[in-house]
Amino acid sequence: MDCDETGRLVAEINSDPLARIVFVLTDALHNQAVPAGSDPATAKLVARSILLAIHAFTDADKQDALALLRALRNEVLHAG
């Protein structure tokens, strides 16, 4: 990809909240894969958790997605 194509795709992802969530969860999967190393059981557990999170958002209707986002927001705000 050239610089213009990359910029267009980044702008497209940034304009879509669901795409941003999927990107973050995919990044988490990538980052968790390193500590899992060559242990397939650990990698499978990490991948399953992240894929379930992606599914929770992508399979939710509008009301469910909003409830999930509110719960995540509340959790983050209370954790700090």
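For the structure itself, look to the data block above.
What comes next concerns the included structure. This one's a predicted model, so the numbers in the text were calculated from it and none came from an experiment. Position numbers for residues count from 1 along each chain, tracking the sequence in the order it is written. pLDDT decides what is reported in this predicted model: residues at 70 or higher carry local features, side-chain atom pairs at 80 or more are listed and counted, and totals for whole chains, interfaces and linings draw on all residues regardless. Hydrogens are left out, water is left out, and the side-chain values use all remaining heavy atoms of the structure.

### As for the overall build of the protein chain
Thought 1: Helices and strands together make up the secondary structure of the protein chain, namely 4 helices and 0 strands.
Thought 2: Under the DSSP-based scheme used, a helix requires at least four consecutive residues in state H or I and a strand at least two consecutive residues in state E, with every element numbered from the N terminus. The helix and strand sequence of the protein chain, counted from the amino end, reads α-α-α-α.
Thought 3: In terms of overall size, the protein chain is more extended than a compact globule, its C-alpha atoms giving a radius of gyration of 15 Å where 80 residues would be expected to give roughly 12 Å.
Thought 4: Expressed along its principal axes, the backbone C-alpha trace of the protein chain runs to roughly 40 × 35 × 30 Å.
Thought 5: Here the term buried applies to any residue with accessible area under 20% of the maximum for its type, exposed to any over 50%, and partly exposed to those in between, with areas from a 1.4 Å probe on protein chains only. Counting all 80 residues of the protein chain, 11% fall into the buried class.
Thought 6: Throughout, the Shrake-Rupley method with a 1.4 Å probe supplies accessible areas, and for residues the shown protein chains are the sole cover considered. Accessible surface, the protein chain: about 6,400 Å² in total, of which carbon and sulfur atoms supply 62%. Here the globule rule reads 2.2 Å times residues to the power 0.38, and the radius of gyration is calculated from C-alpha atoms.

### Let's talk about the pattern of salt bridges
Thought 1: We define a salt bridge as a side-chain nitrogen of Lys or Arg found within 4 Å of a carboxyl oxygen belonging to Asp or Glu. Considering all chains together, one arrives at 2 salt bridges under this definition.
Thought 2: Residue Arg8 is joined to Glu5 by a salt bridge in which the shortest nitrogen-to-oxygen separation is 3.0 Å. Taken as a pair, Arg8 and Glu5 lie in helix 1 (residues 3–14) at a separation of 3 residues, close to a single helical turn.
Thought 3: For Arg8, a relative accessible area of 44% translates into the label partly exposed.
Thought 4: Judged by its relative accessible area of 30%, Glu5 falls in the partly exposed class.
Thought 5: With a closest N to O distance of 3.1 Å, Glu12 and Arg8 form a salt bridge.

### Considering helix 2 (residues 17–36)
Thought 1: Its 20 residues give helix 2 an end-to-end C-alpha distance of 29 Å, which sits within 8% of 28 Å, the value for a rise of 1.5 Å per residue.
Thought 2: Positive phi shows up at Gly37, right after helix 2, with a value of about 60°. To estimate how far a helix should reach, multiply one less than its number of residues by 1.5 Å.

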